[in-house]
Amino acid sequence: MNNSLIIGQYVPGNSIVHRLDPRTKITIIFFFVFIVFFANTLISYGILTIFALTSMITSRVPIRFILKGLTPVWFLIVFTFILHLFVTKEGTLIFHLSIFKFYSGGVIQGLAISVRFFLLILVTSLLTLTTTPIEITDAIEDMLHPLNKIKFPVHELALMMSISLRFIPTLMQETDKISKAQASRGVDFRTGPIKDRAKAVVPLLVPLFVSAFKRAEELAMAMEARGYHGGEGRTKLRELKIGKHDILIYILFAFVIAILFYTRSY
Amino acid sequence: MRKIIEFRNVSFRYEDEQPWVLKNLSFEIYENEWIAIIGHNGSGKSTIAKLLNGLLFPQEGEILIDGKQVNQDTIWDIRKDVGMVFQNPDNQFVGTTVQDDVAFGMENRGFPREDMIKRMEETLSAVGMQDYLLTEPHRLSGGQKQRVAIASVLAISPQVLILDEATAMLDPKGRTEIMQTVTDVQSENELSLITITHDLTEVVQADRVIVMNEGEIWREALPREIFSLKDQLREIGLDVPFITVLADELNQLGVPITQEPLNHEELLEELWTLHSKT
Ligand SMILES: Nc1ncnc2c1ncn2[C@@H]1O[C@H](COP(=O)(O)OP(=O)(O)O)[C@@H](O)[C@H]1O
Ligand SMILES: [Mg+2]
């Protein structure tokens, strides 16, 4: 039971990628997602692929976790590739099968799109694989900080996220407990027609909601008793710190961008 | 002795037109004192705790904490002086890990980071949870969560620590754990302690006991005096501990037990003394 309680896909580790400031990771991924669409030559794709694969290898996240992240999009990648094969009519004709004509342009574009997809998914899943949800929350709070000026409740949003993270396992344990209690009374969630199963979920949800509201009320009181009064004047235990690895990776990434724009064709 | 808490003719009700929950309550609590508040369910114990912390305000009378009146303007200071541990271990655990939870109160009060880390180590050691800094709450037992809650409150060095039925949802092992922790904390810190309970066995170590009944103070006395009032305690809905009942029965059978025993050891001691005399 305990293993299934890990939220998100975080794979604990102590690699350089794990230790990077979460803000660095988010920033770089943000720009990476952007510049992937500027690549249009073999070398420019190559440089991005090397960057992504190097990050993956240094993170030392087992390959099966990365493949797991890719499974939902395999289909999409293959589908777009095939689509391009059939519809793109550029370049030279390379293959002719009755009414179907495949052109070199189709193969190249199909490949290009697939590589883009692959890189995007790889890099974004690296973020969640090497960063705890709470680190991501901290980073978001810090990066959205300027929005405070336009009265956007940044601190409240981050607190909401961290409390959700705190209570998800608790509520999952509780769901498990209630469903076992209901099952012991003969409620069947797993077999039978959908309609019956949906009905069986009601006696599970009602007590869950009731208890969640009670929790919320008590938690609010406990927080108040411990002096919570909004984000103002608050200090933080968890500290975000830009280290020398972060600076190094920024410089490296600047190089990647420079080479990319140098080697792409206009 | 310095007076830390004073209730002066306090009356409280949750809504107008509803019956009073606390009726003209007056009592005092001194520095370093351990007070147990006991009473049946709904006798107003939790309401007293919430009034002490400024979570509620009385309609009549006034409450003073270390000379300061509890009102909207002072709650910020008051909550620094009065720390509270609630009944449900899960619903007061705010942080995603033990260290985040202990830090929460200090973060709210703007402690510098270095102080937080230092206080965190001190208070977690005081409750024996120093090895769990990065543990998530769902991997802790109820008793461990309550010990973290105590550490969180101690971290801001309050003058008063209130435990509102903090053991009620725990198994026997968890209860022993918490009672032991509380005893240690009380002896090692300059701290007034208020333990709220409906279980008579938990008042034994207190310096003084306040018995609540229907929103009024029914009796204020030493634990031993309270234990001797068994029949009347039963009348106001409290369970009398087994050892007290046993001593009573022995007395009726002609075994002359002179002192009201507070626990097994005391009764045993008494019986041995009697045995060696005869
Ligand atoms: N939030 C509330 N609103 C209205 N009535 C309440 C509320 N909380 C408690 N009460 C009532 O106040 C009385 C005292 O409650 P409480 O102080 O919680 O008692 P205890 O902690 O001794 O069990 C009870 O009759 C209870 O029903
Ligand atoms: Mg209560």
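The residue count restarts for each chain, going from 1 along the sequence in the order it is written. Chain A is the first chain written and ligand 1 is the first ligand written, with later ones labelled in order. Two thresholds apply to this predicted model, a pLDDT of at least 70 for residue-level local features and 80 or more for giving and counting side-chain atom pairs, whereas whole-chain, interface and lining totals are computed over all residues. Heavy atoms throughout the structure, all of them, feed into the side-chain values; hydrogens and water do not.

### Some details on the overall build of chain A
Helix numbering and strand numbering both begin at the N terminus, where a helix is a DSSP run of H or I of at least 4 residues and a strand a DSSP run of E of at least 2. Helices and strands together make up the secondary structure of chain A, namely nine helices and two strands. Reading chain A from its N end, one meets helices and strands in the order α-α-α-α-β-β-α-α-α-α-α. Atoms counted for the radius of gyration: C-alpha only. Globule rule: 2.2 Å times the number of residues to the power 0.38. The C-alpha radius of gyration computed for chain A amounts to 25 Å, which surpasses the reference 18 Å derived for 266 residues by more than 25%, pointing to a less compact arrangement than a globule. Along the first, second and third principal axes, the C-alpha atoms of chain A reach 70 × 55 × 35 Å. Only protein chains enter the accessibility calculation, which uses a 1.4 Å probe; a residue whose area is less than 20% of its type maximum is buried, one above 50% is exposed, and one in between is partly exposed. Counting only residues that meet the buried cut, chain A has 38% of its 266 residues in that class.

### Regarding the interface of chain B and chain A
At the junction of the two partners, chain B supplies 34 residues and chain A supplies 31 residues. Once two parts are brought into contact, the accessible area they lose, counted with a 1.4 Å probe and summed over both, makes up the buried area. Roughly 3000 Å² is buried in total at the junction of chain B and chain A, and carbon and sulfur atoms are behind 53% of that figure. Salt bridge, as used here: a side-chain nitrogen of Lys or Arg that lies within 4 Å of a carboxyl oxygen of Asp or Glu. Remark: the boundary between chain B and chain A carries six salt bridges. As a salt-bridge pair, Arg226 of chain A and Asp101 of chain B come within 3.5 Å of each other at their nearest N and O atoms. In the analysis that follows, any N or O atom pair within 3.5 Å is treated as a polar contact, provided that within protein one partner can donate a hydrogen and the other can accept it, and provided that, for residues neighboring in sequence, both atoms belong to side chains. In this assembly, chain B and chain A are joined by 19 residue pairs in polar contact (both at pLDDT 80 or more). Contributing elements (two or more residues each) for the side of chain B that touches chain A: helix 2 (75-81), helix 3 (98-108) and helix 4 (113-126) of chain B. With nine residues, helix 3 of chain B is the largest single contributor of residues to the side of chain B that touches chain A. Residue type decides the class: Asp, Glu, Lys and Arg count as charged, Ala, Val, Leu, Ile, Met, Phe, Trp, Tyr, Cys and Pro as nonpolar, and the leftover types, Gly among them, as polar. Looking at the side of chain B that touches chain A residue by residue, the classes come out as 13 nonpolar, twelve polar and nine charged. Contacts are assigned to residue pairs with any non-hydrogen atoms lying within 4.5 Å of each other.

### Topic: the side chain of Glu107 of chain B
For Glu107 of chain B, the position within the fold is in helix 3. Glu107 of chain B gets classed as buried once you look at its relative accessible area, which sits at 8%. Separated by 2.8 Å, the side chain of Glu107 of chain B and the backbone nitrogen of Leu237 of chain A make a polar contact. Not counting the four nearest positions on each side in its chain, Glu107 of chain B is found in contact with Gly233, Arg234, Thr235, Lys236, Leu237 and Arg238 of chain A together with Met116 of chain B.

### A word on the site of ligand 1
All names here are of chain B. Any residue with a non-hydrogen atom lying within 4 Å of a molecule or strand is treated as near it. In the vicinity of ligand 1, the residues found are Tyr14, Val21, His40, Asn41, Gly42, Ser43, Gly44, Lys45, Ser46 and Thr47. One of the side-chain N or O atoms of Thr47 is found 2.4 Å from an oxygen atom in ligand 1. Here the residues of the shell around ligand 1 are counted per class, giving two nonpolar, seven polar and one charged.

### Describing the confidence of the model for chain B
The predicted structure's coordinates, where accompanied by low pLDDT, should not be read in detail. A residue's pLDDT is the predictor's confidence in that residue, given on a scale from 0 to 100. Of the residues in chain B, 100% reach a pLDDT of 70 or more, and the chain-wide mean stands at 92. Reported confidence for the predicted complex is 0.88 by ipTM and 0.86 by pTM.

### Description of the pattern of salt bridges
A side chain with one charge may pair with a side chain of the opposite charge, provided their charged atoms come close. Under the criterion given, the structure shown has 34 salt bridges over all chains. Residue Asp90 of chain B is joined to Arg166 of chain A by a salt bridge in which the shortest nitrogen-to-oxygen separation is 3.1 Å. Separated into two different chains, Asp90 of chain B in the loop between strand 6 (82-85) and helix 3 and Arg166 of chain A in helix 7 (residues 154-184) make up a pair that spans both. Both residues of the pair, Asp90 of chain B and Arg166 of chain A, belong to the buried class. With its nearest N and O atoms 3.1 Å apart, the salt bridge here joins Lys214 of chain A to Glu218 of chain A.

### Some remarks on the pairing of strand 8 (residues 192-197) of chain B
Residue and element names in this part refer to chain B. Across the six residues that make up strand 8, a large majority, six, are buried. Judged by which residues are buried, strand 8 turns out to be covered on both faces: Ser192, Ile194 and Ile196 on one side and Leu193, Thr195 and Thr197 on the other are all buried. Across five bridges, the pairing between strand 3 (residues 34-39) and strand 8 is parallel. Note on strand 8: the bridge partner recorded for Ile35 is Ile194. Note on pairing: two strands pair once DSSP finds at least 2 bridges between them. Two elements, strand 7 (residues 160-164) and strand 8, share five bridges in a ladder whose sense is parallel. Bridged to Ile162 within strand 8 is Ile194. Tracing the backbone out of strand 7, into helix 6 (residues 172-188) and back to the parallel element strand 8 gives a crossover that is right-handed. Handedness of a crossover is defined as follows: orient the strands so they point away from the viewer, and if the path from the first strand over the helix to the second runs clockwise, the crossover is right-handed.

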